[in-house]
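# Observations on the three-dimensional arrangement
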Amino acid sequence: MRVVVDTNVYISSLLFKGKAREAYDLVIANAELYISDFISSELSDKLHSKFSISSKTVREIITSVLSVADNVPATTPLSKICRDADDNYILQLCDTIAADFLITGDKDLLILESYKSTQIISPNDFMKLVV
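Residues numbered from 1 in each chain as written. Predicted model: local features only at pLDDT ≥ 70, side-chain atom pairs only at ≥ 80, totals over all residues. Heavy atoms only, no water.

### A closer look at the overall build of the chain
The number of helices and strands found in the chain is seven helices and six strands. Going from the N terminus to the C terminus, the chain shows its helices and strands as β-α-α-β-α-α-β-α-β-α-β-β-α. A compact globule built from 131 residues should have a C-alpha radius of gyration of about 14 Å, and the chain, at 14 Å, falls within 12% of that. When each of the 131 residues of the chain is scored for burial, the buried share is 43%. A fraction of 60% describes how many contacts in the chain between residues 6 or more apart in sequence connect residues 24 or more apart. Within the structure as shown, the chain displays about 6800 Å² of accessible surface, and the carbon and sulfur contribution to it stands at 51%. (Helix = DSSP H or I, 4+ residues; strand = E, 2+ residues; numbered from the N terminus. Rg over C-alpha atoms; globule rule 2.2 N^0.38 Å. Buried < 20%, exposed > 50% of the residue type's maximum accessible area, 1.4 Å probe, protein only. Contact = heavy atoms within 4.5 Å. Areas by Shrake-Rupley, 256 points an atom, 1.4 Å probe, with all protein chains shown as cover.)

### Observations regarding the pairing of strand β6 (residues 118-121)
Where strand β4 (residues 101-103) lies against β6, three bridges are found, and the strand directions are parallel. Considered in β6, the bridge of L102 is made with I120. Direction of pairing for strand β5 (residues 114-115) relative to β6: antiparallel, over a ladder of two bridges. What sits directly across from S114, in β6, is Q119. (Pairing = 2+ DSSP bridges.)

### Here we look at the nonpolar core
With 41 residues, the main nonpolar core has V3, V4, Y10, L102 and F126 as its most contacted residues. Setting aside anything within four residues of it in sequence, one finds V3 in contact with V27, A31, E32, L33, Y34, F101, I103 and F126. (Core = buried A, V, L, I, M, F, W, Y, C linked by side-chain atoms within 4.5 Å.)

### Notes on the packing of helix α3 (residues 37-49) against helix α4 (residues 55-68)
Two packed helices can be described by the angle between their axes and the distance between those axes. Closest axis-to-axis distance for the α3/α4 pair is 10 Å, and the angle between their directions is 150 degrees. α4 is crossed by α3, and the crossing has right-handed handedness. Facing α3, whose interface residues are S40, L43, S44, L47 and H48, α4 presents S55, V58, I61, I62 and V65. Looking at the contact of α3 with α4 residue by residue, the class counts come to six nonpolar, four polar and no charged. (Axes fitted to C-alpha atoms, helices over the stretch in contact; angles between N-to-C directions. Left-handed = near helix turned anticlockwise from the far one by under 90°. Nonpolar A, V, L, I, M, F, W, Y, C, P; charged D, E, K, R; others polar.)

### A short note on unusual backbone geometry
You will see that A98, though not glycine, has its phi angle at about 55 degrees, which is positive. In the Ramachandran plot, E113 falls in the positive-phi region, its phi being about 70 degrees despite a non-glycine side chain. Structurally, the position occupied by E113 is in the loop between α6 (107-110) and β5.

Keep in mind these values describe shape, not function.
In structure tokens:
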């Protein structure tokens, strides 16, 4: 099972625990996790700017994520499907790796329900499917 985790789920799982953390742990234990430079850069930027986490701690978090995820360059053409242009980069990675699931809390992505071969799903719904 190939899975992409959206930046908002990384943030929720790392900072707030709960369902997002449980889903993230399930992905690590049961699936192949993929990340792109775009996602790791966005994660780094948001942890630093929105949550005032030190650069050193952000680097440690990114290193931790990269230790369990395959960093893949998104190579398929960038579609312009989402209102938020950044979401298109997430879908691009899903397309590149033929992801089975995109786990996200982003309503703009969740409303799509799927993109090509990828089912777009919340952390809670992912857990219901896997457990």
